[in-house]
Amino acid sequence: MPAHARCPSGVEVARPALEVADIFRRHLGDYRQLHALTEGQHDVARAIIACRTAALGGHLDFCTVCGFETPAYNSCRNRHCPKCQALNQARWVEARIERILPVHYFHLVFTIPSELHSLARTNRAKIFALLFRSAADTLLTLAADPKWLGKDAQLGITAVLHTWTREMLFHPHVHCILTGGGLARDQSEWVPAPRDFLFPVHVVGALFRGKFMAGLQELLDKGELHDDVPDRAARRRRQRLYKTSWVVYAKRPFGGPEQVFRYLGRYTHRVAISNARLVSADDQAVVFRTRGSDTASLSPSEFIGRFLQHVLPNQFVKIRHFGLLASGNVNTRLKHAADLVPAAATASADNQDDCDDDGGDGPPFVGAVAPNLSWPELLLALTGKDVLLCPRCQQRTIVRQPLPPTRAPPWKAGTA
């Protein structure tokens, strides 16, 4: 089954034969003998290993008719765990359906040059936040220039941070989903953008570079960044970066709100790699799919290292909203914009989003679900798996009895 396919009702998603957790259980101890883990990486590793095991407790599913029973263990709910994103994704998307305007949408990807990767590794929260802010400010500034849309307008932007490539290499970039037009500054009308063009990418890239570099210099001047590069080398780096063309990738426009919804459902809760991409693992190599039939092979230690380098700073928000979608505007400007968007602006969802440039797979695509569902009902709507259905007598007669957690997570000896 494709990684993003939505299962029809009554069809259960098969559990992958190999999981990231299996690799961590077997090889994390060896990895830790040679590498120090940050507190955040340590917490993520423990959560992934313990996820859906007796260490976290759970329930004993018991059928009141035929007597069938089986344990069902709790999820770790860590946002980096490949097994714990589907329900979070469903609830997140459902809470934002009403904020999607009936217009066409654009998709731009902002990337910082590789020369800044070392600085980003040691100053993750600051650099990632600057990346968000520079990308959003670039788009909002251009939309406010009547040269491009004909009037000063404010866009709605949802931005999602990803830090990986298909090979799990460090590659920080922000996906920006933005409305095909904006609300006029005087709020008198909706200003539409052409369906096949928003801003020239070379203009976007140049402005993005200027805003990011200005913000970077401000952080350096304030002493808020840890930079091991000597002053003279830092000045040379700055000069080179200003002479470099920064990559802003404009992807094919979305066909309409349905495609935006599909994108959000697939990309917002991705992690560096899904269990479905794993091919094999032993003491010598972990093999996983990259694109199509291509695969990559890493030693278990290198695989763990690449995975853990994508652990985000504690409480760092990786999905952010700007412009009309900023929290201060959703109940005012956004609602007014929705009233102004003409019915004719509603786009037909005839384009398909094929964004898969950066790897990392998310949960299955989630269609609309009813709000306030209990987790068994949400799981049923999402995957077709009915945890209250007895697999033996096929009646919805399963009751759940709590199982307390074990004393410690199932770590391999020497890894705690």
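Look a little higher up for the structure.
Residues numbered from 1 in each chain as written. Predicted model: local features only at pLDDT ≥ 70, side-chain atom pairs only at ≥ 80, totals over all residues. Heavy atoms only, no water.

**Notes on the pairing of strand β5 (residues 156-164)**
- Burial analysis of β5 places 9 of its 9 residues in the buried class, the great majority of the element.
- In terms of strand pairing, β5 meets strand β13 (residues 319-323) through 5 bridges, oriented antiparallel. Bridge pairing in β13 places Ile157 opposite Phe322.
- Examined bridge by bridge, β5 and strand β6 (residues 170-179) share 7 bridges and lie antiparallel to one another. The residue bridging Ile157 from the neighbouring strand is Leu178, located in β6.
- Remark: 5 residues form the turn of the hairpin made by β5 and β6, two consecutive strands paired antiparallel; Met168 in that turn has positive phi of roughly 65°. (Buried < 20%, exposed > 50% of the residue type's maximum accessible area, 1.4 Å probe, protein only. Helix = DSSP H or I, 4+ residues; strand = E, 2+ residues; numbered from the N terminus. Pairing = 2+ DSSP bridges.)

**Brief notes about the sheet that holds strand β12 (residues 295-298)**
- Pairing is antiparallel across the open sheet formed by 3 strands, whose spatial order is β10-β11-β12. The sheet terminates laterally at β10 (278-281) and β12, the two strands that pair on one side only. Taken pair by pair, the neighbouring strands of this sheet meet at an average axis angle of 15°, ignoring direction.
- The pairing of strand β11 (residues 286-289) with β12 spans 4 bridges and is antiparallel. If you follow Val287 over to β12, its bridge partner there is Ser297. (Axes fitted to C-alpha atoms, helices over the stretch in contact; angles between N-to-C directions.)

**Topic: the pattern of salt bridges**
- Under the defined criterion, the tally for this structure stands at 12 salt bridges.
- Linking Arg26 and Asp283 is a salt bridge whose minimum nitrogen-to-oxygen distance equals 3.0 Å. With Arg26 in helix α1 (residues 20-34) and Asp283 in the loop between β10 and β11, this pair connects stretches of sequence that are 257 residues apart.
- Since its relative accessible area comes to 43%, Arg26 is described here as partly exposed. (Salt bridge = Lys/Arg side-chain N within 4 Å of Asp/Glu carboxyl O.)

**A word on the pairing of β11**
- By the bridge criterion, 3 bridges tie β10 to β11 in an arrangement that is antiparallel. In the strand pairing of β11, Leu278 is matched with Phe288.
- Counted between consecutive antiparallel strands, the loop separating β10 from β11 contains 4 residues.
- Linking β11 back to β12 in an antiparallel pair, the connection comprises 5 residues, with Gly292 at a positive phi of about 60°.

**Let's talk about the side chain of His175**
- Assignment of secondary structure puts His175 in strand β6.
- With a relative accessible area of 0%, His175 lands in the buried category.
- There is a polar contact of 2.9 Å between the side chain of His175 and the side chain of His107.
- A distance of 3.5 Å separates polar atoms of two side chains, one belonging to His175 and the other to His173. (Polar contact = N/O pair within 3.5 Å; in protein donor to acceptor, adjacent residues only side chain to side chain.)

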